[in-house]
Amino acid sequence: MKRINMKQTEKTGENIVNYYSLINSPIGDLMLVADASTLTGLYFVGCNHIPAASKGWALNAQLPVLRQAAKQLQEYFTGTRDNFSVPLRIAGTDFQEKVWREIAIIPYGETISYSDLAKRAGAPEAIRAAGTNTGRNPVAIIIPCHRVVGKNGGMGGFAGGLERKRLLLKLENSTTKPVKKRNVSSAFSKCERQPAMS
């Protein structure tokens, strides 16, 4: 497995402006969040773990990284894209980032169990923690947490709701185009590490 590098960003004392846009999708409205150059969040509007916009947030659907993410998501939903190249910056604990890295390399159209995910993240006994951290994924779909299911094939959980998870899995299994070999590092290759909030 190829090692995925993430850059550490320094705290500068400057307020970082978050930009966001709302897009329609076949599975409901999505909120895209970014700083000036990297995507930092993709959330299901009205569902768990969506951050509340604050005074430091600005609606800007024309921001290049938000436009790029929206275009790639549109391609994904029409079955013409099976991986993403939008630059990411995410914040999490070391274990969360291990879990998210492992999720990022699950091939399009395939699933793994939560117990397999815990093993791959280096903590085979931490199945519940792996599941919890799967649900804390800040960039749903792009880091494809919907591809993690119960050991018996059950859906498990999903921050966007189980019906959305079923629809995403169905979309990936019903595309008739030939699936290219996934670039293992595509989801994280341009990903910078953002300090976790304390």
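Each value, and the rule that gives it
Residues numbered from 1 in each chain as written. Predicted model: local features only at pLDDT ≥ 70, side-chain atom pairs only at ≥ 80, totals over all residues. Heavy atoms only, no water. Core = buried A, V, L, I, M, F, W, Y, C linked by side-chain atoms within 4.5 Å. Buried < 20%, exposed > 50% of the residue type's maximum accessible area, 1.4 Å probe, protein only. Helix = DSSP H or I, 4+ residues; strand = E, 2+ residues; numbered from the N terminus. Contact = heavy atoms within 4.5 Å. Expected span 1.5 Å × (residues − 1). Arc of directions from axis to C-beta. Phe/Tyr/Trp six-rings, centres within 6.5 Å; stacked < 30°, edge-to-face > 60°.

1. Description of the nonpolar core
Judged by nonpolar contacts, the single largest core of 41 residues is most densely connected at L39, L42, L73, F77, I103 and I141. For this core, the secondary-structure elements that each account for two or more residues are β3 (30-34), β4 (39-44), α1 (64-77), α2 (94-104), α3 (114-120) and α5 (162-174). With six residues, the single largest contributor to this core is α1. Those residues in contact with I141 that sit more than four places away from it in its chain are I27, L30, L42, F44, L73, Y76, F77, F84, H146 and L168. With five residues, the next largest nonpolar core counts Y20, M31, Y43 and W57 among its residues.

2. Things to note about α1
Because the α-helix completes a turn every 3.6 residues, residues three or four places apart line up on one side. Helix length check: α1, at 14 residues, gives a terminal C-alpha distance of 20 Å against a target of 20 Å (1.5 Å per residue), a fit within 8%. Here α1 has its buried residues at V65, L66, A69, Q72, L73, E75, Y76 and F77. Residue G79 follows α1 closely and has a positive phi angle near 85°.

3. Digging into helix α4 (residues 127-135)
Those residues of α4 that fall on the buried side of the exposure criterion are A130, N133 and T134. Looking straight down α4, one finds that the buried residues subtend no more than 110° of arc, so they occupy a single side. On its buried face, α4 is in contact with α2, α3 and β8 (148-149).

4. Some points on the packing of aromatic side chains
As enumerated under the stated definition, the model contains five aromatic pairs in all. Geometrically, the ring pair formed by Y76 and F84 is tilted, given 5.6 Å between the ring centres and 45° between the ring planes. On the basis of relative accessible area, Y76 is assigned to the buried category, the value being 1%. Given the relative accessible area of 3%, F84 is considered buried. Each member of the aromatic cluster is reached from another via a ring pair, and the members are Y76, F77, F84 and Y108.

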